[in-house]
Amino acid sequence: MVEINWEDVIGRMLQAAANSLKGDWPRVRSVMERDLRDIADDAKDIERDYAAGKLDEQTAKRYRQIVNNKAKTLEALIRGMVKLSAERAVNSALTVLRATVNTLVGWAVL
């Protein structure tokens, strides 16, 4: 059986995530690094235990579903973090617009 270099896999996972998230990466990096390592460690455990005969195929598939659920949870968390940042950016910009227009006209237009 081929041995997997898990540090290499994790590094490639993080690079792929960073490339996908581009400007949002700095904001979510620590969460992604922690959780993607955790997900990869779980996959490593499944692979190791299945190869050693400690898990049958059905059990390995159930564990794989748990790992998939962790990934979906991480996706939702990151989506929320990015959305909150976007909402803050828009609200901050609107505050500037509101203050500028309202000051100009002398009353609360916006």
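You'll find the structure just up there.
Just so it is clear, the structure is predicted and the values come from calculations on it, not from any experiment.

Caption draft 1: The pattern of salt bridges, seen in detail. In this structure the tally under the stated criterion is 13 salt bridges. Ionic pairing is found between Arg37 and Glu7, a salt bridge with its closest N-O pair at 3.4 Å. In this pair, Arg37 sits in helix H2 (residues 25–51) while Glu7 sits in helix H1 (residues 6–21), placing the two residues 30 residues apart along the sequence. Between Lys70 and Asp38 there is a salt bridge, with the nearest N and O atoms lying 3.2 Å from each other. One end of the pair, Lys70, is in helix H3 (residues 57–105); the other, Asp38, is in helix H2, and 32 residues separate them in sequence. Given a relative accessible area of 31%, Lys70 falls into the partly exposed group.

Caption draft 2: Structural detail: the side chain of Asn102. Looking at the secondary structure, you find Asn102 in helix H3. Excluding anything up to four places from it in sequence, Asn102 contacts Trp107, Ala108, Val109 and Leu110.

Caption draft 3: Seen up close, the nonpolar core. Counting 18 residues, the largest nonpolar core has Leu21, Trp25, Val28, Met32, Leu36, Leu74 and Ile78 as its most contacted members. Every element with two or more residues in this core is listed here: H1, H2 and H3. Here this core takes eight residues from H2, the largest share from any one element. Leu21 has contacts with Val28, Met32 and Ile78, leaving out every residue within four places of it along the chain.

Thresholds applied
Residues numbered from 1 in each chain as written. Predicted model: local features only at pLDDT ≥ 70, side-chain atom pairs only at ≥ 80, totals over all residues. Heavy atoms only, no water. Salt bridge = Lys/Arg side-chain N within 4 Å of Asp/Glu carboxyl O. Helix = DSSP H or I, 4+ residues; strand = E, 2+ residues; numbered from the N terminus. Buried < 20%, exposed > 50% of the residue type's maximum accessible area, 1.4 Å probe, protein only. Contact = heavy atoms within 4.5 Å. Core = buried A, V, L, I, M, F, W, Y, C linked by side-chain atoms within 4.5 Å.

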